[in-house]
Amino acid sequence: MMNSKPESRPPGEATTQAPPVGTTEPTEPSGLAEPSAPAVRAEKLTVVRGPRTVLRTLDFTVPRGQITGLLGPSGCGKSTLMRAIVGTQDKVTGTLDVLGHPAGHPTLRTRIGYVTQAPSVYDDLTIRQNLDYFAAILDPGRAAADRRHENVTRAIADVDLTTHADALAGNLSGGQRNRVSLAVALLGTPELLVLDEPTVGLDPVLRRDLWNLFHDIAATRGATLLISSHVMDEAERCHRLLLMREGEILADATPEALRTRTGADTVESAFLHLVDEATQAARTKETGTQGSGTNETRTKETTR
Amino acid sequence: MTRPTPTPAPAPTAKSTTAAATPAQPPAPAPTSALSVSRTTATAARVLRQLRHDPRTIALLVLIPCVMLFLLRYVFDGSPRTFDNIGASLLGIFPLITMFLVTSIATLRERTSGTLERLLALPLGKGDLIAGYALAFGTLAIIQSALATGLAVWFLDLDVTGSPWLLLLVALLDALLGTALGLFVSAFAASEFQAVQFMPAVIFPQLLLCGLFAPRDTMHPALEAVSDVLPMSYAVDGMNEVLTHTDMTATFVRDVLIVGGCALLVLCLGAATLRRRTA
């Protein structure tokens, strides 16, 4: 298992299942021409679900071409934030721009890959049949059949399920079905991958391989990845972190910056430090004496 | 081979590793039109492929109407006229009921498994999905109705004056109506239990009022008025027209148009219940 030490980085010598192709020069998405434009930009983003305000006036950006980790305890609003970015969440107010368009814009549907927390695949189809169908929706027409076949084979190889390609999804283990769901999101050329807890329930070897795959995708395809997790040791593998708690963003920084600023040696203890600090700040605000509880990592008070 | 590590400032143009191959790119972004033929047929093929992995359901769908007709034939062994009337009506009612059940459960599963959310986040038109389902279950209904009609006409001596092809046409429209109702109703069912309970709620009143048990003009005037606006009444009426007339009568054409129109209308209502954004 991963220990929670700062050096728990992806192992340097690890190899992922690689398709035999790879001679082609990676084509850079057009978005890289203007590195200043973030992949996701939110201003005063608020989401209401029933009587509850799940996300409160969030301001943040997700930079392009990097892996941004979305971390926080269960129920803090990670999934709702991801659904808002993908455009499936109702009652979103404020500004939310994704790849230069308002979230949910029809042109974004081919440019975003989205994996829900529960695997959303057809249990009564084989892995290949599942992917064939979603590929036909993304890239329809008889003329695209060869390209689709190539993409499907590659996506299955990416998630290391080539030997199971003809197994029914319903007969797979939970972790394998999760990976089928991930493979669907890898079809086509998503510029933004939104992955809701993609490594839950996977063994350490697979988790490492998947994180290596995520880094490959970010580096060679120039894609932006937003990955949620409530396992803090995965935070060390991200380029940037958004720490969430109770519908608010507690911190937005690199893992290193987080550790140094809070004086903690792991992201986990940095997170706990920030949570305590936020609770403290809320308490002092209630009693009227505003403490200097904020630091440069954009810590916010819990109440407004 | 260099493996990218999470350095604070990664260059997106990092040296290419050979591990992740660049996927084949479509030449242009695929258009997201209201109805795309290839997306519709892909959806229909997917639904049929799912069913193919479930041979028991197919067997039940195809065999039960035949068994029921067989049973009915010998229940009314002494009065073949009664069998003609009820048998013809049932040829229209079976596809409606079975397609209603199958579709409402299938769409409910699509909603609860998260695949519907995924599909609607992809460039799939709502019309593509609805039309795909209608196409798939329509195909199944053709097989079901062809077998049941063939059995009734050639082996059980169902006495049809008109063409059996017209019986088949009405059966197919009934199946589409069932598919449409199932799609629509599944939007209001939160679980399989509720979906199944919609069957008696939506189908049984129509069954009682469609003229199967008593001629519609002998009912209480209030009920007759209600039966005038229920689509199944026209499905049964159409079947009986074929039963008693050699040619296509004006009443038959009216019945067919009403059933087909209702199916189309409810399909559109069903499409309206699909939401890209949910709470």
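Note that this is a predicted model, so its numbers are computed, not measured. (Residues numbered from 1 in each chain as written. Chains lettered and ligands numbered in written order. Predicted model: local features only at pLDDT ≥ 70, side-chain atom pairs only at ≥ 80, totals over all residues. Heavy atoms only, no water.)

*Asks:* Help me out: how do you make sense of helix α6 (residues 164-186) of chain B in this one?
*Replies:* Each full turn of the α-helix corresponds to 3.6 residues, which orients residues three or four apart in the same direction. The terminal C-alpha atoms of α6(B) lie 33 Å apart, and with 23 residues this matches the ideal 33 Å at 1.5 Å per residue to within 8%. The backbone nitrogen of B:Trp165 lies 3.0 Å from a side-chain oxygen of the residue at the head of α6(B), namely B:Ser163. (Helix = DSSP H or I, 4+ residues; strand = E, 2+ residues; numbered from the N terminus. Expected span 1.5 Å × (residues − 1). Polar contact = N/O pair within 3.5 Å; in protein donor to acceptor, adjacent residues only side chain to side chain.)

*Asks:* I'm lost on the layout of surface pockets in this one. Help?
*Replies:* By rolling a water-sized probe across the atoms, one finds the places where empty space is left. Taken as a whole, the second largest pocket spans an internal volume of roughly 500 Å³. In this structure, the second largest pocket is lined by 23 residues; those nearest its centre are A:Asp124, B:Gln50, B:Ile105, B:Ala106 and B:Arg109. Within the residue set of the lining of the second largest pocket, elements represented by two or more residues are α1 (37-52), α3 (80-112) and α5 (126-155) of chain B. Looking at the lining of the second largest pocket, the element that brings in the most residues is α3(B), giving six residues. Looking at side-chain class alone, the lining of the second largest pocket contains eleven nonpolar, five polar and seven charged residues. (1 Å grid on protein atoms, 1.4 Å probe; cavity = no way out; pocket = protein on both sides within 12 Å on 5 of 7 lines; lining within 4 Å. Points joined across faces, edges and corners; volume = space filled by probe spheres on them. Nonpolar A, V, L, I, M, F, W, Y, C, P; charged D, E, K, R; others polar.)

*Asks:* Help me understand unusual backbone geometry in this model?
*Replies:* Most of the time, phi is negative for any residue but glycine, and the peptide bond is trans. Residues and elements named next belong to chain A. Although it is not a glycine, Lys-44 adopts a positive phi angle of roughly 50°. Position of Lys-44 relative to the elements: it lies in strand β1 (residues 40-49). Relative accessible area serves as the criterion here: at 58%, Lys-44 is assigned to the exposed category. Although it is not a glycine, Leu-99 adopts a positive phi angle of roughly 50°. Tracing the backbone through its elements, the reader meets Leu-99 in the loop between β4 (92-98) and β5 (101-102). Given the relative accessible area of 4%, Leu-99 is considered buried. (Buried < 20%, exposed > 50% of the residue type's maximum accessible area, 1.4 Å probe, protein only.)

*Asks:* It is not clear to me how the sheet that holds β1(A) should be interpreted in this structure. Could you clarify?
*Replies:* The pairing of strands in a sheet comes from backbone hydrogen bonds and takes either a parallel or an antiparallel form. The four strands lie next to each other as β2-β1-β4-β5 (chain A), forming an open sheet whose pairing is antiparallel. With partners counted over all chains shown, the strands left at the sheet margins are β2 (52-62) and β5 of chain A, one partner each. (Pairing = 2+ DSSP bridges.)

*Asks:* So what exactly am I meant to see when it comes to the packing of α5(B) against helix α11 (residues 250-272) of chain B here?
*Replies:* Geometry of a packed helix pair, given as the angle between the helix axes and the separation of the axes. Residue and element names in this part refer to chain B. Remark: α5 packs on α11, axes separated minimally by 9 Å, with the N-to-C direction vectors making an angle of 130°. Considering the angle they form, α5 stands oblique to α11. The way α5 lies across α11 gives a crossing that is right-handed. Contacts between α5 and α11 involve Lys-126, Ile-130 and Ala-134 from the first element and Leu-267, Gly-270 and Ala-271 from the second. (Axes fitted to C-alpha atoms, helices over the stretch in contact; angles between N-to-C directions. Parallel < 35°, antiparallel > 145°, perpendicular 65-115°, else oblique. Left-handed = near helix turned anticlockwise from the far one by under 90°. Contact = heavy atoms within 4.5 Å.)

*Asks:* Help me understand the packing of aromatic side chains, please; the structure alone is not making it clear to me.
*Replies:* A complete count under the given rule lists seven aromatic pairs over all chains for this structure. For the ring pair A:Tyr122 and A:Phe134, a centre distance of 5.9 Å and an interplane angle of 15° mean the geometry is stacked. With A:Tyr122 in the loop between β6 (112-115) and α2 (127-138) and A:Phe134 in helix α2, this pair connects stretches of sequence that are twelve residues apart. In this structure, A:Tyr122 and A:Phe134 share a single accessibility class: buried. With centroids separated by 5.2 Å and ring planes inclined at 75°, the aromatic side chains of B:Phe184 and B:Phe188 adopt a geometry described as edge-to-face. Overall, B:Phe184 belongs to the partly exposed group, its relative accessible area being 23%. B:Arg118 extends its terminal NZ or CZ atom over the ring of A:Phe134, reaching a point 5.6 Å from the ring centre. One residue, B:Arg216, lies across the ring of B:Tyr234, its end atom 5.7 Å from the ring centre. (Phe/Tyr/Trp six-rings, centres within 6.5 Å; stacked < 30°, edge-to-face > 60°. Lys NZ or Arg CZ within 6 Å of the ring centre and 35° of its normal.)

*Asks:* I keep staring at the nonpolar core and nothing clicks. Help me out?
*Replies:* Within soluble globular proteins, side chains that are nonpolar generally end up buried alongside one another. Counting residues in each nonpolar core, the largest one holds 126 residues, and the members touching the most others are A:Leu187, A:Phe214, A:Leu225 and B:Ile93. When residues in this core are grouped by element, the largest group, twelve residues, is from α3(B). Look past the residues within four positions of A:Leu225 in its chain and what remains in contact with it is A:Gln66, A:Ile67, A:Thr68, A:Leu193, A:Leu195, A:Phe214, A:Ile217 and A:Ala218. (Core = buried A, V, L, I, M, F, W, Y, C linked by side-chain atoms within 4.5 Å.)

*Asks:* Please explain a nonpolar patch on the surface as it appears in this structure.
*Replies:* A cluster of nonpolar side chains, contributed by B:Leu60, B:Leu63, B:Ile64, B:Val67, B:Met68, B:Leu71 and B:Val75, occupies part of the molecular surface with about 630 Å² of accessible area. Locating B:Ile64 in the fold gives a position in helix α2 (residues 55-75). (Patch = residues over 30% accessible without salt bridge, like charges linked within 9 Å, V, L, I, M, F, W, Y side chains within 5 Å. Areas by Shrake-Rupley, 256 points an atom, 1.4 Å probe, with all protein chains shown as cover. Salt bridge = Lys/Arg side-chain N within 4 Å of Asp/Glu carboxyl O.)

*Asks:* Help me understand the side chain of A:Arg83 in this model?
*Replies:* You can see A:Arg83 is positioned in helix α1 (residues 78-86). Judged by its relative accessible area of 11%, A:Arg83 falls in the buried class. A polar contact of 2.9 Å, which involves the side chain of A:Arg83, links it to the side chain of A:Gln89. Not counting residues within four places of it along the chain, the set of residues in contact with A:Arg83 comprises A:Thr88, A:Gln89, A:Tyr114, B:Glu117, B:Thr278 and B:Ala279.

*Asks:* Sorry, what's going on with the confidence of the model for chain B here?
*Replies:* Interpretation of the predicted coordinates at a detailed level should be avoided for regions scoring low in pLDDT. Residue and element names in this part refer to chain B. In the predicted model, chain B carries a mean pLDDT of 83, and the fraction of residues at 70 or more is 88%. Below pLDDT 50 for its whole length, residues 1-23 participates in 61 contacts with residues either more than four positions away or in separate chains. This model gives residues 26-33 a pLDDT under 50, and the stretch forms eleven contacts once residues within four places in sequence are excluded. Interface predicted TM-score (ipTM) for the complex: 0.81; the corresponding pTM is 0.79. (pLDDT = per-residue confidence, 0-100.)

*Asks:* Would you explain empty space enclosed by the protein in this entry?
*Replies:* One pass over the full model with this rule turns up six cavities of 30 Å³ or more. Approximately 160 Å³ is the volume attributed to the largest cavity. Residue lining of the largest cavity: 17 residues in total, with A:Arg109, A:Ile112, A:Gly113, A:Tyr114 and B:Leu122 positioned closest to the centre. Every element with two or more residues in the lining of the largest cavity is listed here: β6 and α4 (174-186) of chain A. Counting residues per element, the lining of the largest cavity draws most heavily on β6(A), at three residues. Residues of the lining of the largest cavity, tallied by class, amount to eleven nonpolar, four polar and two charged.

*Asks:* Please clarify how the environment of B:Leu129 should be interpreted in this entry.
*Replies:* Mapped onto the fold, B:Leu129 is located in helix α5. Each C-alpha atom of the pair B:Leu129 and B:Leu119 lies 8.8 Å from the other, and the pair is ten residues apart in sequence. Setting aside anything within four residues of it in sequence, one finds B:Leu129 in contact with A:Tyr133, B:Thr43, B:Arg46, B:Glu110, B:Leu116, B:Leu119, B:Leu124 and B:Leu274.

*Asks:* Would you take a moment to explain the sheet that holds strand β7 (residues 192-196) of chain A for this structure?
*Replies:* All names here are of chain A. Across the sheet, which stays open at both edges, the six strands sit in the order β6-β7-β8-β3-β9-β10 with mixed pairing between neighbours. Edge strands, defined here as strands with exactly one partner in the open sheet, are β6 and β10 (248-253). The sheet shows a mean angle of 15° between the axes of neighbouring strands, taken without regard to direction. Bridge count between strand β3 (residues 67-71) and strand β8 (residues 224-229): five bridges; the pairing is parallel.

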